[in-house]
Amino acid sequence: MDKQNRKAIIAGNWKMNKTATEAKALIHELIPAVKDAGCEVVICVPFTDLVTAVELTKGTNIHVGAENVHFEKSGAFTGEISADMLTDLGVEYVVIGHSERRQYFAETDETVNKRTKAALAGGLKPIVCVGESLTQREQGVTEELVRMQVKIALNGVTEDELKNVVIAYEPIWAIGTGKTATSDQAEEVCAAIRKVVGELYGETAAKGLTVQYGGSMNAKNAEELLGKPNVDGGLIGGASLKADQFAIIVDAATKG
Ligand code: 13P
């Protein structure tokens, strides 16, 4: 089956949680809990935790990601962090276009595209987030909207660069609400994402793309969601802050 050819990735998105001191404690718990993972394990942490995370995970199977990156290479952008700054630290992944950034920090499809290209140019693997609001779902425009978000995010990304891109389908109404998409809803949209990537880059590229689901994924529902043919992993918020819960999700992806 196609799924076996793709990299299953479970990524924690810590959001604005954990001081460096708290991060240290959580990572110490995580390392033994996920050491036998049969999937790729990533923790995307606040900028202030990156040094700690990279240091502590050296020689382990845990990869480190940031939660955002600026699109310019360097310069007068007070408060921003560039791709080079992240790769220099040993950071591998970066979350781009999370709905919280779109909602609270004026992120648009265009800036998502610029960040995606900057991340790739800097050697990072972007986890590009897409997903509809509850109103958009009720209006019946989910697929069109997600297709458009994917197309704009990937505008100018080459087929070779696409190999380093992960797309996360995160329905906004399911984030932090405890309201998970059903596995069929997740599958439907993840399949639509693969389809549009196929239209843009061809079948082979689409078959190799890792598509994650995110939105209240937890120890209880992970196995069912990750069992779907087009769901290759998860982007986990709340449940990534508890080592035992995160480890159960990692195990579920291993079974996938
Ligand atoms: P929750 O798992 O807390 O719903 O968050 C999902 C998310 O936004 C991951 O990026």
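Residues numbered from 1 in each chain as written. Predicted model: local features only at pLDDT ≥ 70, side-chain atom pairs only at ≥ 80, totals over all residues. Heavy atoms only, no water.

Visitor: Just checking my understanding: could you explain the sheet that holds strand β6 (residues 166-169) for this structure?
Guide: Across a sheet, paired strands are connected by hydrogen bonds in the backbone, their directions being either parallel or antiparallel. Within the closed barrel, the eight strands sit side by side as β1-β2-β3-β4-β5-β6-β7-β8. Their pairing is parallel. Shown here is a sheet whose adjacent strand axes are inclined to one another by a mean of 25°, direction ignored. Direction of pairing for strand β7 (residues 210-214) relative to strand β8 (residues 233-236): parallel, over a ladder of three bridges. If you follow Tyr 213 over to β8, its bridge partner there is Gly 234. (Pairing = 2+ DSSP bridges. Helix = DSSP H or I, 4+ residues; strand = E, 2+ residues; numbered from the N terminus. Axes fitted to C-alpha atoms, helices over the stretch in contact; angles between N-to-C directions.)

Visitor: I tried to follow the site of the ligand on my own but got confused; where do I start?
Guide: For the ligand, the full set of nearby residues is Asn 13, Lys 15, His 98, Glu 170, Ala 174, Ile 175, Gly 176, Gly 215, Ser 216, Leu 235, Gly 237 and Gly 238. Take Asn 13: an N or O atom from its side chain is 3.0 Å from an oxygen atom of the ligand. Separating an oxygen atom of the ligand from a side-chain N or O atom of Lys 15 is a distance of 2.8 Å. Against a free-state accessible area of 310 Å², the protein chains account for coverage of 94% of the ligand. Here the shell around the ligand is built from residues that sort into three nonpolar, seven polar and two charged. (Near = heavy atom within 4 Å. Polar contact = N/O pair within 3.5 Å; in protein donor to acceptor, adjacent residues only side chain to side chain. Areas by Shrake-Rupley, 256 points an atom, 1.4 Å probe, with all protein chains shown as cover. Nonpolar A, V, L, I, M, F, W, Y, C, P; charged D, E, K, R; others polar.)

Visitor: Which parts of the structure should I look at to understand the pattern of salt bridges?
Guide: Close approach of charged atoms allows side chains with opposite charge to pair. In total, this model carries 16 salt bridges according to the counting rule given. Taking the shortest distance from any N to any O, the salt bridge between Asp 36 and Lys 35 comes out at 3.3 Å. The residues Asp 36 and Lys 35 share a single accessibility class, namely exposed. Two residues, Arg 102 and Asp 109, come together in a salt bridge whose shortest N-O distance is 2.6 Å. Like Asp 109, Arg 102 is buried. A single salt-bridge network, built from bridges that share partners, covers Arg 6, Arg 194 and Asp 232. (Salt bridge = Lys/Arg side-chain N within 4 Å of Asp/Glu carboxyl O. Buried < 20%, exposed > 50% of the residue type's maximum accessible area, 1.4 Å probe, protein only.)

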